[in-house]
Amino acid sequence: HTLIHTMIILHDEATLLHETVELLGSKLRPALESPERIKAILASIHEAQTHDLRTISASAEDQNTTLELAKESHSTDYLKHLQTVFSEWLAQGLVTAHENVLPECFRIYSATSAHKPPRPPKDIYARAGYYAFDMSTGMMQNSWASIIASANLAVQATGLLSPSSSLPLSSTIKDNDLRRSVLALTRPPGHHCTGTQAGGYCYINNILLPITLLRRHHHQRQPNHTPRFAILDLDFHHGNGTQELTYYDADILYVSIHGEDEFPYYTGSASETGPPDPDHAAHGTNLNLPLPPGSSFSTYLESLSIGLDAVKQFKPDYLLVSLGFDTFHLDPLGKFDIETEDYKTMAARVRSTVPDVPALILLEGGYVIERLGVNLLSFLEGWEGTG
Ligand code: OKS
Ligand code: ZN
């Protein structure tokens, strides 16, 4: 039967393995960022029967490629830490197989030692806090398997946008599958983690990987053309990690609409516009559009229109969307007044601004399990203009 929607949705079962506890409201509880999120989305996609869902599995080679791409954004010691921390704790009897590694002392930037940046501490407990900035990024036995699978989804999704001959692709994906838009069900999400610190449920900044991959691809094939990327962050929270990793980059525009004075609290102000020097090429390539808690969808649309004007003006070769559904009115971690049908309008506005630009959509937050699926379907309906 005919597919009404043509977007490919990429999923990897390994993203379901990671299941942690977090400190929330001063209580240790099951993390809101749970495998149930993806399971609920998959159930809705199956039920709708109109989407081209592909389940892939990252081979050892895919994982190596993805890890190598991640090194462009993250330090080698940070990535090594993510891979080994759980087994080290387990081997030393500091956790059982079913527990989590959680940090307890975070990095301190002391005024009296400002001349030397902090180095990884020798103490094994302390090291967990060196590589994290909050207690929402526990590590359990299978966390790394999900982290690398999630990042690999972003990489493989990129392969569907470009001729695959020069891109590392899973054998399940062929040239004739090239699409103008691809959605990857990335979990864990990515927009909060920095080059050396996990936080806000994020470990690898998934959205940076397509950029690294496409840059290398263009460099090989069209060395005279430097590709330009626009990142549109629609999650309720400011993507501090994505901002930090792209702040000095003149060829990446970062636009974020998010709750003002909300998590991660120390970033996301409208004054953060890129390097302050007006002569710096990246000056003005960061656009934060914070909105007060309780903002309505009509208020949201005003900010979206400002953000989309900036995206259009930037003339990107690729659009990358950090898509979060924690802007939903019932979300436990969000405070906007946005409803299911609004995601259709939102997506239609985004896509109609740059209809011909190849686009990757990566999942970030969203915690109302029973509404995630319908909210995503609503967004896709607007994106694909079939409403
Ligand atoms: C406290 C809760 C931390 C909230 C993290 C926000 C996650 C998110 N442990 N980011 O986009 O949705
Ligand atoms: Zn969020």
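Quick look at the structure, then. (Residues numbered from 1 in each chain as written. Chains lettered and ligands numbered in written order. Predicted model: local features only at pLDDT ≥ 70, side-chain atom pairs only at ≥ 80, totals over all residues. Heavy atoms only, no water.)

Things to note about the nonpolar core
The following threshold applies: Here the nonpolar core consists of buried residues drawn from Ala, Val, Leu, Ile, Met, Phe, Trp, Tyr and Cys, with membership extended through side-chain atoms lying within 4.5 Å. A simple rule labels every residue: compare its accessible area, found with a 1.4 Å probe on the protein chains alone, to the largest value its type can have, and call it buried under 20%, exposed over 50%, or partly exposed in between. Only runs of H or I of at least four residues qualify as helices and only runs of E of at least two qualify as strands under DSSP, and these elements are numbered from the N terminus. Two residues qualify as a contact provided that any one of their heavy atoms is within 4.5 Å of a heavy atom in the partner residue.
In this structure, Leu234, Leu319, Phe379 and Trp383 are the most contacted members of the largest nonpolar core, which totals 47 residues. Counting residues per element, this core draws most heavily on helix H8 (residues 297-314), at seven residues. If sequence neighbours within four positions are ignored, leucine 234 has contacts with Ile257, Tyr300, Leu304, Val321, Ser322, Leu323, Gly324, Thr327, Met346, Val350 and Phe379.

So, the packing of aromatic side chains
Where we set the bar: Pairing of aromatic side chains here covers Phe, Tyr and the six-membered ring of Trp, requires ring centres within 6.5 Å, and sorts the geometry by plane angle: under 30 degrees stacked, over 60 edge-to-face, intermediate tilted.
Across all of its chains, the model carries 13 aromatic pairs by this definition. Measuring from centroid to centroid gives 5.5 Å for tyrosine 247 and tyrosine 248, while their planes differ by 80°, and the two rings are edge-to-face. Among the residues examined, tyrosine 248 registers a relative accessible area of 59% and is labelled exposed. Relative to tryptophan 383, the ring of phenylalanine 379 lies with its centre 5.9 Å away and its plane at 25°, an arrangement referred to as stacked. Residue phenylalanine 379 and its partner tryptophan 383 are located together in helix H10 (residues 369-384), separated by four residues, close to a single helical turn.

Notes on the site of ligand 1
Convention followed: One heavy atom within 4 Å of a molecule or strand makes the whole residue count as near it. Throughout this description, a polar contact denotes any pair of N or O atoms lying within 3.5 Å of each other; where both atoms belong to protein, one of them has to be capable of donating a hydrogen while the other can accept it, and for residues adjacent in sequence the pair is counted only when both atoms sit in side chains. Using a 1.4 Å probe, accessible areas were evaluated by the Shrake-Rupley method; residue-level cover was limited to the displayed protein chains. Under this grouping Gly is polar, as are all residues other than the nonpolar Ala, Val, Leu, Ile, Met, Phe, Trp, Tyr, Cys and Pro and the charged Asp, Glu, Lys and Arg.
What surrounds ligand 1 is a group of 14 residues, the closest being Glu22, His191, His192, Asp235 and Tyr367. Between ligand 1 and serine 136 there is a distance of 2.8 Å, counted from a nitrogen atom to a side-chain nitrogen or oxygen. Between an oxygen atom of ligand 1 and a side-chain N or O atom of aspartate 326, the distance comes to 2.9 Å. In the complex, 92% of the free accessible area of ligand 1, which totals 370 Å², lies under the protein chains. The residue inventory of the shell around ligand 1, partitioned by class, reads five nonpolar, six polar and three charged.

Focus on the pairing of strand S6 (residues 229-233)
This is how it is decided: Being paired, for any two strands, means DSSP has found at least two bridges between them. By convention a crossover is right-handed if, when the strands point away from the viewer, the path from the first strand over the helix to the second runs clockwise.
Of all five residues in S6, five are buried, a share of seventy percent or more. Burial of the side chains of S6 extends over both faces: Phe229, Ile231 and Asp233 are buried on one face and Ala230 and Leu232 on the other. As defined by bridge partners, S6 adjoins strand S7 (residues 252-259) across five bridges and the pair is classed as parallel. Bridged to leucine 232 within S7 is valine 255. The parallel pair S6 and S7, bridged by helix H7 (residues 240-246), forms a crossover whose chirality is right-handed. Where S6 lies against strand S9 (residues 318-323), five bridges are found, and the strand directions are parallel.

What to know about the packing of helix H5 (residues 143-159) against helix H6 (residues 208-221)
Between two packed helices, both the angle of their axes relative to each other and the distance between the axes serve to describe the pair. The condition that has to hold: An axis is simply a line fitted to the C-alpha atoms; with a helix, the fit covers only the stretch in contact. Between two such axes, the angle follows the N-to-C directions and lies from 0 to 180 degrees. An angle below 35 degrees is treated as roughly parallel, one above 145 as roughly antiparallel, one from 65 to 115 as roughly perpendicular, and anything else as oblique. In this scheme, a crossing is called left-handed if the near helix is turned counterclockwise away from the far one by less than a right angle; it is called right-handed if the turn is clockwise.
H6 packs onto H5 with a crossing angle of 40° between their chain directions and a minimal axis gap of 8 Å. One way to sum up the angle between H5 and H6 is to call them oblique. Regarding H5 and H6, the two cross each other, and that crossing is right-handed. Residues Ala151, Ala154, Val155 and Thr158 of H5 form the contact with H6, whose own contacting residues are Leu209, Pro210, Leu213 and Leu214. Looking at the contact of H5 with H6 residue by residue, the classes come out as seven nonpolar, one polar and no charged.

Quick look at the sheet that holds strand S8 (residues 286-291)
Pairing is parallel across the open sheet formed by eight strands, whose spatial order is S4-S1-S5-S10-S9-S6-S7-S8. The sheet is open, and its two edges are formed by strand S4 (52-55) and S8, each paired on a single side. Put simply, the sheet's adjacent strands are angled 15° from each other on average, direction ignored. In terms of strand pairing, strand S1 (residues 8-11) meets S4 through four bridges, oriented parallel. Paired with leucine 10 across the bridge in S4 is arginine 54.

Side note on the environment of leucine 102
Of note, leucine 102 is situated in the loop between helix H3 (76-91) and helix H4 (124-130). When the C-alpha positions of leucine 102 and serine 75 are compared, they lie 20 Å apart, and in sequence the two are 27 residues distant. Look past the residues within four positions of leucine 102 in its chain and what remains in contact with it is Val21, Leu28, Trp89, Ala128, Met135 and Gly138.

Topic: the coordination of the zinc ion (ligand 2)
Counted only if it meets this: Here the coordinating atoms are restricted to nitrogen, oxygen and sulfur within 2.8 Å of the metal centre, or 3.2 Å for Na, K and Ca, and because water is not among them the sites may look incomplete.
In the first shell of the zinc ion (ligand 2), the protein supplies Asp235 (OD), Asp235 (OD), His237 (ND1) and Asp326 (OD), at 2.0 to 2.8 Å from the metal. Expressed as a motif, the donor residue spacing for the zinc ion (ligand 2) is D-x1-H-x88-D. One end of the pair, histidine 237, is in the loop between S6 and H7; the other, aspartate 326, is in the loop between S9 and helix H9 (340-353), and 89 residues separate them in sequence. Each of the two residues, histidine 237 as well as aspartate 326, counts as buried.

Any functional reading would require information beyond the geometric quantities listed.
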